[in-house]
Amino acid sequence: MSGPWDRRGGDRREFFRDLVGDWIDGVVRKTEDTVIQKRYHRPPGALPEVGFLTACTRCGQCGDVCPPHAIQFAAPGAGLAAGSPFFDPRLQPCIACPDMPCARACPTDALTVPADGWAGVQIGILELLPERCITFQGSECSVCAKACPIGPTALAIDEAGHPVIRAEGCVGCGVCVRACVTVPSSFKLRPVGT
């Protein structure tokens, strides 16, 4: 007798492991949506939000070693996030330091350096707003692409002269948001999970 596990090319154990894993992911997402009052741009290597808020001791060591002093700490009125580290890309973005000193300084697992470095990091979701970008109005500009610390694997200029975000390479550091010459910026950076 065949079952759904036969169609998936695996055995029953794999089928149920996938099913339970999907269910747990859904429960975590719903819990985060209920518990989290506001989403923040977390430093690189952060656990998913609920895990991060649980593991972070609010020691401040990540902020002490941040070269551009991008890391701030949530105000006392921020609920469960009070005292936790975040950055605001409009004020001072993360500059994607190659050695991730903030994650290395973390005494818990709230921040960790991924084994594959920046390739395993997503600290924000970048979006281009073409209606604001001057390249879509006939002007030449490449300030954003030149400022990107990751390089053309994250943000490049296409043949038409327009910025192109390469989602597989973009870590969401926010440097382009601040570097953009338009006001407001032609880029929008959303926190992970939004």
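In this report, the structure presented in the accompanying data block is examined. If you're wondering where the values come from, they're calculated on a predicted model, not measured in any experiment.

## Digging into the environment of V143
Then step 1. Secondary-structure assignment places V143 in helix 6 (residues 143-147).
Then step 2. Sequence separation between V143 and C176 is 33 residues; the distance between their C-alpha atoms is 8.0 Å.
Then step 3. Non-local contacts of V143, meaning those with residues more than four positions away in its chain, are made with A179 and V181.

## Overview of the side chain of H41
Then step 1. Its place among the elements puts H41 in the loop between helix 2 (12-35) and helix 3 (49-55).
Then step 2. Residue classification places H41 among the buried positions, given a relative accessible area of 9%.
Then step 3. One polar contact links the side chain of H41 to the main-chain carbonyl oxygen of L189, over a distance of 3.4 Å.
Then step 4. Setting aside its immediate chain neighbours within four residues, H41 contacts F86, F87, P89, I123, L189, R190 and P191.

## With respect to unusual backbone geometry
Then step 1. Of note, the amide linkage connecting V183 to P184 takes the cis form, showing an omega dihedral of 0°.
Then step 2. Note on placement: P184 falls in the loop between helix 7 (175-179) and strand 6 (187-190).
Then step 3. Unusually for a residue other than glycine, R58 sits at a positive phi of about 60°.
Then step 4. As for its position among the elements, R58 is in the loop between helix 3 and helix 4 (61-65).

## Thoughts on the side chain of D88
Then step 1. For D88, the location among the structural elements is in the loop between strand 2 (85-86) and helix 5 (101-105).
Then step 2. Here the side chain of D88 touches R90 through a polar contact of 2.9 Å, side chain to side chain.
Then step 3. Aside from chain neighbours lying at most four places away, what touches D88 is Q72 and P93.

## Digging into empty space enclosed by the protein
Then step 1. Scanning the model with the defined rule gives 4 cavities of 30 Å³ or more in all.
Then step 2. Of the pockets and cavities examined, the largest cavity occupies roughly 120 Å³.
Then step 3. Forming the boundary of the largest cavity are 16 residues, of which P44, C66, I71, C94 and C102 lie nearest the centre.
Then step 4. Estimates place the volume of the second largest cavity at around 100 Å³.
Then step 5. L126, C148, C170, C173 and C176 are the residues nearest the centre of the second largest cavity, which is lined by 13 residues in total.

## Here we look at the packing of aromatic side chains
Then step 1. The full count for this structure, using the stated rule, is 1 aromatic pair.
Then step 2. Centroid distance Y40 to F86: 5.0 Å. Interplanar angle 50°. Geometry classified as tilted. Residue Y40 is located in the loop between helix 2 and helix 3, and its partner F86 is located in strand 2; the two are separated by 46 residues in the primary sequence.

## Looking at the layout of surface pockets
Then step 1. In this structure, the second largest pocket encloses a volume near 220 Å³.
Then step 2. Along the wall of the second largest pocket there are 14 residues; nearest its centre are H41, D88, P89, R90 and L189.
Then step 3. Of the residues forming the lining of the second largest pocket, the biggest block, 3 residues, is contributed by strand 6.

## Some details on the nonpolar core
Then step 1. Among the nonpolar cores identified, the biggest contains 27 residues, and W118 and I123 are the most heavily contacted of them.
Then step 2. Breaking this core down by element, the ones donating at least two residues are helix 3 and helix 5.
Then step 3. The contacts of W118, once residues within four sequence positions are left out, are P44, C94, A96, C97, P98, M100, I123 and V171.
Then step 4. In this structure, L126, A154, C180 and L189 belong to the second largest nonpolar core, which totals 13 residues.

## Thoughts on the pattern of salt bridges
Then step 1. The final tally for this structure, using the stated rule, is 2 salt bridges.
Then step 2. Two residues, R42 and E49, come together in a salt bridge whose shortest N-O distance is 2.6 Å.
Then step 3. Taking the relative accessible area as the measure of exposure, E49 reaches 8% and is therefore buried.
Then step 4. The partner of R90 in a salt bridge is D88, and the shortest N-O contact between them spans 2.9 Å.
Then step 5. Under the relative-accessibility criterion, R90 is labelled exposed at 63%.
Then step 6. On the accessibility criterion, D88 (12% relative accessible area) is buried.

About the cut-offs
- Residues numbered from 1 in each chain as written.
- Predicted model: local features only at pLDDT ≥ 70, side-chain atom pairs only at ≥ 80, totals over all residues.
- Heavy atoms only, no water.
- Helix = DSSP H or I, 4+ residues; strand = E, 2+ residues; numbered from the N terminus.
- Contact = heavy atoms within 4.5 Å.
- Buried < 20%, exposed > 50% of the residue type's maximum accessible area, 1.4 Å probe, protein only.
- Polar contact = N/O pair within 3.5 Å; in protein donor to acceptor, adjacent residues only side chain to side chain.
- 1 Å grid on protein atoms, 1.4 Å probe; cavity = no way out; pocket = protein on both sides within 12 Å on 5 of 7 lines; lining within 4 Å.
- Points joined across faces, edges and corners; volume = space filled by probe spheres on them.
- Phe/Tyr/Trp six-rings, centres within 6.5 Å; stacked < 30°, edge-to-face > 60°.
- Core = buried A, V, L, I, M, F, W, Y, C linked by side-chain atoms within 4.5 Å.
- Salt bridge = Lys/Arg side-chain N within 4 Å of Asp/Glu carboxyl O.

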